[in-house]
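Chains, contacts and geometry: an overview
The residues making up each chain are set out below.
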Amino acid sequence: NLFHAGQINGTTGYEEAAAQGIVAGINAALRAQGQEPVVFPRQESYIGILVDDLVTRGVDEPYRMFTSRSEFRLLLRIDNADRRLTPRGRALGLVGDIAYRRFEEKYAEVERVRTFLRGHRFRPEEAPDAPLAGKLDPSSVKGHTLEQILRRPAVTLSDLEPVLRKHGCWANVVVRRSVEIEIRYEGYIQQQARDAAKLDRLSARRIPPDLDYHSIDGLSREVREKLSRIRPQDLAMAGRIPGVTPAAVSIVGLQIELRQRKRPSP
Ligand SMILES: Cc1cc2nc3c(=O)[nH]c(=O)nc-3n(C[C@H](O)[C@H](O)[C@H](O)COP(=O)(O)OP(=O)(O)OC[C@H]3O[C@@H](n4cnc5c(N)ncnc54)[C@H](O)[C@@H]3O)c2cc1C
């Protein structure tokens, strides 16, 4: 029943300590209420990566959080931290009504601007003094959607300001930044989202906490010992333990299936 955070877990740094502190605090409170702990997936937040690395990889030297530790850096951006974590905070009762309403308003505005950019076709005569002219020949993008124009190198929403203002879609800088990033990097972001979804599927395959790794044929002694010591919660986590090969993960997955099949249906 102890929940630790910070140096005692092998990390160094203020943010690292604070990130673990909030997770430890939340889970201590949930435990006291007899509820299941909350797990932050690594594809959703740096807090998730930090905790997952500490649990699955252990530490030989003081651990610091670097963005390079994430395999989903296009998904874990500063501009969308609120989108990733506010709903979770709200569900835990940690985000008040006012903050949550502001969050909803921001993303409603992001969607509104995106819908406009997706649907509106550029007419040079609509905004003859648009700064866009300084970046490209406006007649060359006549009839293109504003979204397509925004994907061009060096074009920003500010270049389209007169058109956006005319249609009541000139949003504040935070919304504009979010819209620009999502449109400009959409292809790459979608690719990473697909990779994250694959990880989600593996994460959904839970490993029974009482699984006896020593009785599983085909696993090396080293892998058995590591899995028995770390006791990963799911197959994705098992695969991240150094030395646990994809083949070993498949064997564990097969064992779980066999166990489920053997279990009499209720
Ligand atoms: C000189 C120095 C400079 C640093 N500079 C930076 C920096 O610039 N940026 C950065 O990110 N990190 C920096 N760090 C690292 C950072 O300070 C630590 O990683 C972080 O504070 C660890 O937080 P913590 O809560 O785990 O431990 P601590 O902040 O050490 O908190 C532990 C607390 O437990 C208390 N305690 C200990 N034993 C007991 C007991 N038996 N009973 C009750 N209470 C007890 C201690 O008094 C202390 O208040 C620096 C560290 C040092 C030493």
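Residues numbered from 1 in each chain as written. Predicted model: local features only at pLDDT ≥ 70, side-chain atom pairs only at ≥ 80, totals over all residues. Heavy atoms only, no water.

1. Thoughts on the site of the ligand
Taken together, Ala5, Gly6, Gln7, Thr12, Gly13, Tyr14, Glu15, Ala17 and Arg64 form the complete shell of residues around the ligand. Gly13 places a polar main-chain atom, nitrogen or oxygen, 2.7 Å from an oxygen atom of the ligand. A total of 1000 Å² of accessible area belongs to the ligand in isolation, and the protein chains cover 28% of it. In the shell around the ligand, the residues fall into three nonpolar, four polar and two charged. (Near = heavy atom within 4 Å. Polar contact = N/O pair within 3.5 Å; in protein donor to acceptor, adjacent residues only side chain to side chain. Areas by Shrake-Rupley, 256 points an atom, 1.4 Å probe, with all protein chains shown as cover. Nonpolar A, V, L, I, M, F, W, Y, C, P; charged D, E, K, R; others polar.)

2. Points about unusual backbone geometry
With a phi close to 75°, Ala154 is a non-glycine residue in the positive phi region. Mapped onto the secondary structure, Ala154 falls in the loop between helix H5 (146-150) and helix H6 (161-166). The exposed category is assigned to Ala154, whose relative accessible area is 53%. Within the chain, Arg231 stands out as a residue other than glycine whose phi angle is a positive 50°. With respect to the helices, strands and loops of the structure, Arg231 is situated in the loop between helix H9 (221-230) and helix H10 (235-239). The exposure class assigned to Arg231 is partly exposed, which follows from its relative accessible area of 33%. (Helix = DSSP H or I, 4+ residues; strand = E, 2+ residues; numbered from the N terminus. Buried < 20%, exposed > 50% of the residue type's maximum accessible area, 1.4 Å probe, protein only.)

Note that all results are geometric; they support no functional claim without further evidence.
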